[in-house]
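The chain contents come next:
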Amino acid sequence: MKFLFEKSFLVPDNELARLLDRLKPYRSQLEKIIRSRKNSVDESSLNLPDSQEVLTAVEKTIDEKASENLKYFINIGIGGSNLGTKAVYDSLFGFFDLLEPDRYPKIIFADTNNPDQLVKIKRLISQKIKSADEVLVNIISKSGGTTETVGNFEALVRPLINKFPSINKRLVVTTGKNSPLWQEAEKKNITRLIIPEKVGGRYSVFSPVGLFPLGCIGINIRELRRGALRAREQSMQTTSLKNPALISASAIYYHYQQKKNICNNFFFAGELESLGKWYRQLMGESLGKTDCYHRKNCLTGITPIVSIGSTDLHSVGQLYLGGPKDKITTFVSFRKNRNDQRIEKRFFNRLVPMIDGKKLSTIMRAILEGTKIAYKQQGLPFMEIVLEENNEFALGEYLQFKMIEMMYLAKLLDVNAFNQPHVELYKKETKRILEGL
Ligand code: PA5
């Protein structure tokens, strides 16, 4: 992964030095947590990428459950119990699923309660799944009591039991130890994977939450972890200018202070859109807080948005380039593509002649470079992440880099990066309404 910022992030040297200095003690603290392998602290997700315990539990369960016949992995979970898995799956496979209908296994994500989607999943179960080993159902919930997750599972379990009476063997529950879901699953002798107590949803992609589903469908989870370890190492660098997480957090914070409170992740690869949605949760829930540690009612937050190049240049590009200067942007692209295609002999001779003989990747690179020049001309700050290519290592690197960036950013903003007290508000109200119906 390359991280480029110097000529474009528009942070004055003295300001950068001041912020990097402020983060020094916290960087040391994180390093100690990694060295001591502490799992009793909020930052303990840092120890997931090299946790032998997690890897052993996940690989053992994959060996038991994921036969060669597996076609559909139904992933029931929402928010942090879903977004990281979806980010990696969509990047590598999901985005292309429609074009590769015969590639299996596929993950079907059921997060919110969508009756039409559920009916279609039920139809798929009754019409397409021939034997129980073609399907695996994973119910993921840290709390074990999220309405949408329990609702989706209950809607699907009867048709599954009706078709395959021994379906319990094809269920896996991923949850907090001793959550109500854990206890129910234990009673029914359903395989369970533990979400470590101190790992919150949005930091859980390298726990069984992400590794189990991804590993079951053949994604190389060891490479994903290897990428994460590489990013963790870089994010602990003491030479701050070589530490992307420190720089990125400082830049976002600096611009936030300059009233740029929108953080735009601009992916020049459509398959990375779900990665952007994962980041939205990471930033939204980690930074959006009513109270800061040292100031009540500080009402802090930075709004994360996801853009896709070049698609969104044709929709919101005008706003970004011509509208209010309220955003800090990070462009994300691949250095090389897994596949490419050259425009050889043109069919229409007089249209856009400059694409002649060029590869599609070259055209995309020109669009990205053109966009960067336009940003510079407008005085808009940006950073750039160039991932080597679309593979597990690069995705692991990105995910870990961003989780550590968020910890640094929360430290600068003086907020708790690990709680989400206001998410509970709607959950509580929903349950109250349902009780009254
Ligand atoms: O980050 C979070 O804590 C939330 O987004 C949760 O992941 C989400 O609400 C789902 O909760 P649970 O995993 O308890 O079902």
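Further up the page is the structure itself.
1. Regarding the side chain of Ser310
In step 1: With respect to the secondary-structure elements, Ser310 resides in the loop between β8 (303-308) and α11 (317-322).
In step 2: In this structure, Ser310 is in contact with Phe268, Met364 and Ile367, ignoring residues within four places of it in sequence.

2. Concerning the site of the ligand
In step 1: Close to the ligand lie 14 residues, the nearest being Ser81, Ser141, Ser143, Thr146 and Glu285.
In step 2: Protein coverage of the free-state accessible area of the ligand, which is 380 Å², stands at 91%.
In step 3: When its residues are assigned to classes, the shell around the ligand shows one nonpolar, nine polar and four charged.

3. Quick look at the sheet that holds strand β3 (residues 106-110)
In step 1: Judged by pairing direction, the sheet is parallel, and its five strands sit side by side in the order β3-β2-β4-β5-β6 without closing on themselves. Only two strands of the sheet have a single neighbouring strand rather than two, namely β3 and β6 (191-195). With direction set aside, neighbouring strand axes in the sheet form an average angle of 20°.
In step 2: The pairing of strand β4 (residues 135-141) with strand β5 (residues 171-176) spans five bridges and is classified as parallel. Bridged to Ser141 within β5 is Thr175.
In step 3: Each of β2 (72-76) and β3 touches helix α4 (residues 115-128); the most contacted strand, β3, lies at about 145° to it.

Basis of the calculations
Residues numbered from 1 in each chain as written. Predicted model: local features only at pLDDT ≥ 70, side-chain atom pairs only at ≥ 80, totals over all residues. Heavy atoms only, no water. Helix = DSSP H or I, 4+ residues; strand = E, 2+ residues; numbered from the N terminus. Contact = heavy atoms within 4.5 Å. Near = heavy atom within 4 Å. Areas by Shrake-Rupley, 256 points an atom, 1.4 Å probe, with all protein chains shown as cover. Nonpolar A, V, L, I, M, F, W, Y, C, P; charged D, E, K, R; others polar. Pairing = 2+ DSSP bridges. Axes fitted to C-alpha atoms, helices over the stretch in contact; angles between N-to-C directions.

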